[in-house]
Amino acid sequence: MSFHNSSSAADISEIEKTRFVDNAGLDIDKRDRELLQRQRELEDLDNTTKTNWEMIKKLTVCGVAFLNDAYDMFAINIVAMILGFVYYGDATGSAQNTVPKKWDTLIKIAVQIGCLLGQLIMGRLGDKVGRTTVYSAGLMIAIVTTIASAFSSSMVKGFNVFVVLFIWRVLLGFGIGSDYPLTATIVSEYASVHNRGKLIAAVFSCQGFGNVMAPIVGIIVTACFKSSIDTDVLNLDYVWRIIIGIGCIPGLSTLYWRLTMEDSKRFQLETAKAAAASADEEMLREKLLAKQQYAEGRGIEASSVAHTPAEPTETFTPTIRRAKTFTQYFSEWRHLKVLLGTSIAWFALDVAFYGINLNTAIVIDAIGFAGDIKNDKPSKFIIRNCLGNIIINLLGSVPGYWITVFTIERLGRIKIQLMGFAALTVLYIVLGFAYHQILDKSVAGFIVLFTCAQLFQNFGPNVTTFVIPGEVFPTRFRSTAHGISAAMGKLGAIVAQGGFMQLKDIGGKNAFIDRLLQIFALFMLIGFFVTFWIPESKGKTLEEICDESEEYY
């Protein structure tokens, strides 16, 4: 029986006409009617969900979560720059005021490692324990570890400030990781079919504000300490700690609301359905056992009277609808290819997205905006680079997010993702093969092309790879599957920062950047093709997208 179309009274009456009892004596029609009733409740939920205070509260909590996450992840660009002045101001040559590559990589990759683990573990717990319970736990982990990160310092020999900061930021990433599958799942299950994509995209797009907030805070805090920094550069030690510590404020401001959130009606119905299915199966076992014992007793009695062997007892094979396990569901190619599509697309995107956005100083330096790290005053150099970060984000990234928000329900998820991957493939090919020529002839031209790339990252796969996994999987696996997809994205970020970006100085400082852009183009092409494995979810209920009957066998 298919459950993805609207059920009417005729459906119920038709079932009642064909009532039958299975071999174990259980009324199957009653169970079917309950499932149909559940489907009707979900459709009513999709049709009647309107903007109200509860919805505003949930969207605020989820939006602030992504603003906070982006701030925590990308503030490290500014912090790494400041750490160079604090700990390597006495170095000589090109090493002066610059964090060595191994430590720079370590502190930038830390959150990505933690996120990967958090997305997998907390995503699974979101399906098993409950969305909001795990969601609240993730925030509390993030708050505690953010504060701890701000107090990082050298402890013992071999455990310098970078190692301690790495450890705390891995744990911070674990807390942040829970936000990806659970935010998408909570908003997806709460929103109506007509605005679901827009709301999920809007929540995720708050990440853009977090990207801008980090350099703004960097400018403000540096300006507050400007005179003391110019007198003694070691006063920057206060600056980077304050920048990191401020990252706990958005989370604290919404902690109460997150703790008091309730799971969606859809998830509550799914939980009740699973419990009912388990009870049905247990009742069938009990009835089957009782009938077998009764039949065996009758056989023994007949044998003692007639002195003849008892006839074989009847074997009871009750019809029972069992929910598929995660492994059973995704062992079928039509379901597995969707999970592979969302995972590989996210992986491909994040290789380029984090390869560039965790290293914006390279771009700022390439366009001549960075200044002179040796001769400029530290406060001037830091403020100038923070301004460069703001400009880069405002030119392409932030507009791209919100263009997606306002077009996703009209264009659809798949069309935006395909368009974004295609545009990025072309732009990275142009930037990669003509990198030095463009910079030599026209810095303005390079800025235009780079801005277009930033625009199509967000008016494209950076948003849709987050939205789609929150819609295309069944409720019972939604958080887990989204977590797997997101974790693959973070694996891409780790590959980019820990692998490809280590090659950037082959042949000289930043001399290999053009080749890296060519590699990024290849990954965009891969993302384009795997997108065809993913179904379009625009205008469909969550049950229609997944076909609820496919969850059973």
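Presented here is a report on the structure given in the accompanying data block.

Conventions adopted
- Residue numbering note: each chain is counted from 1, following its sequence as written.
- Residue-level local features of this predicted model are given only where pLDDT is at least 70; pairs of side-chain atoms are given and counted only at 80 or more, and the full residue set underlies all totals for whole chains, interfaces and linings.
- Neither water nor hydrogens contribute to the side-chain values; these are computed over all heavy atoms in the structure.
- Secondary structure elements are taken from DSSP: a helix is a run of H or I of four residues or more, a strand is a run of E of two residues or more, and numbering for both begins at the N terminus.
- Exposure classes here rest on a 1.4 Å probe applied to the protein chains alone. A residue is buried below 20% of its type maximum, exposed above 50%, and partly exposed in between.
- Residues are said to line a cavity or pocket when one of their atoms sits within 4 Å of a point; the points come from a 1 Å grid over protein atoms alone, cavities being sets where a 1.4 Å probe fits but cannot get out and pockets being open sets with protein on both sides within 12 Å along at least five of seven lines.
- Grid points are joined across faces, edges and corners, and a volume is the space filled by probe spheres set on the points.
- Side-chain classes follow a simple rule in which Ala, Val, Leu, Ile, Met, Phe, Trp, Tyr, Cys and Pro form the nonpolar group, Asp, Glu, Lys and Arg form the charged group, and the remainder, Gly included, forms the polar group.
- Think of a nonpolar core as a cluster: buried Ala, Val, Leu, Ile, Met, Phe, Trp, Tyr and Cys residues, connected wherever their side-chain atoms sit within 4.5 Å.
- Contacts are residue-level and defined by heavy atoms, with any inter-residue pair within 4.5 Å sufficient.

1. Some details on the environment of Thr92
Inspection of the secondary structure assignment puts Thr92 in the loop between helix H3 (53–87) and helix H4 (101–128). Residue Thr92 is classed as exposed on the basis of its relative accessible area, which comes to 67%. In the structure, Thr92 is positioned 282 residues away from Lys374 in sequence and 10.0 Å away in space, judged by C-alpha atoms.

2. Concerning the layout of surface pockets
For the largest pocket, the calculated volume is near 930 Å³. Along the walls of the largest pocket sit 38 residues, with Thr98, Ala361, Ile373, Lys504 and Lys509 positioned nearest its centre. Broken down by class, the residue content of the lining of the largest pocket amounts to 14 nonpolar, 16 polar and eight charged.

3. What to know about the nonpolar core
Nonpolar side chains in soluble globular proteins tend to end up buried together. Counting residues in hydrophobic clusters, the biggest one holds 115 residues, and the most contacted among them are Ile82, Tyr180, Trp240, Ile243 and Tyr428. Of the residues forming this core, the biggest block, 19 residues, is contributed by H3. Contacts of Ile243, omitting those with residues within four sequence positions, involve Tyr71, Ala75, Ile78, Val79, Ile82, Val217, Gly218 and Val221. Counting residues in hydrophobic clusters, the runner-up holds 15 residues, among them Ile468, Phe473, Ala481 and Ile545.

4. Thoughts on the environment of Leu449
Tracing the backbone shows Leu449 in helix H19 (residues 443–458). Residues Leu449 and Leu427, 22 residues apart in the sequence, show an inter-C-alpha distance of 6.9 Å. Aside from chain neighbours lying at most four places away, what touches Leu449 is Leu427, Val430, Leu431 and Ile438.

5. Topic: empty space enclosed by the protein
Across all of its chains, the model carries six cavities of 30 Å³ or more by this definition. If you add up the space inside the largest cavity, you get close to 170 Å³. Going through the elements one at a time, helix H14 (333–357), helix H15 (360–366), helix H17 (413–433), H19 and helix H22 (513–530) are the ones with two or more residues in the lining of the largest cavity. By residue number, the principal contributor to the lining of the largest cavity is H22, which donates four residues. Tallied by class, the residues present in the lining of the largest cavity amount to 14 nonpolar, two polar and no charged. Computed from the structure, the second largest cavity encloses a volume of approximately 100 Å³. Forming the boundary of the second largest cavity are Phe74, Asn77, Ile78, Asn211, Ala214, Pro215, Asn357, Thr360, Asn389 and Asn393. Elements represented by at least two residues in the lining of the second largest cavity include exactly H3, helix H7 (196–224) and helix H16 (378–411). In the lining of the second largest cavity, the residues fall into four nonpolar, six polar and no charged.

Geometric values such as these leave the question of function open.
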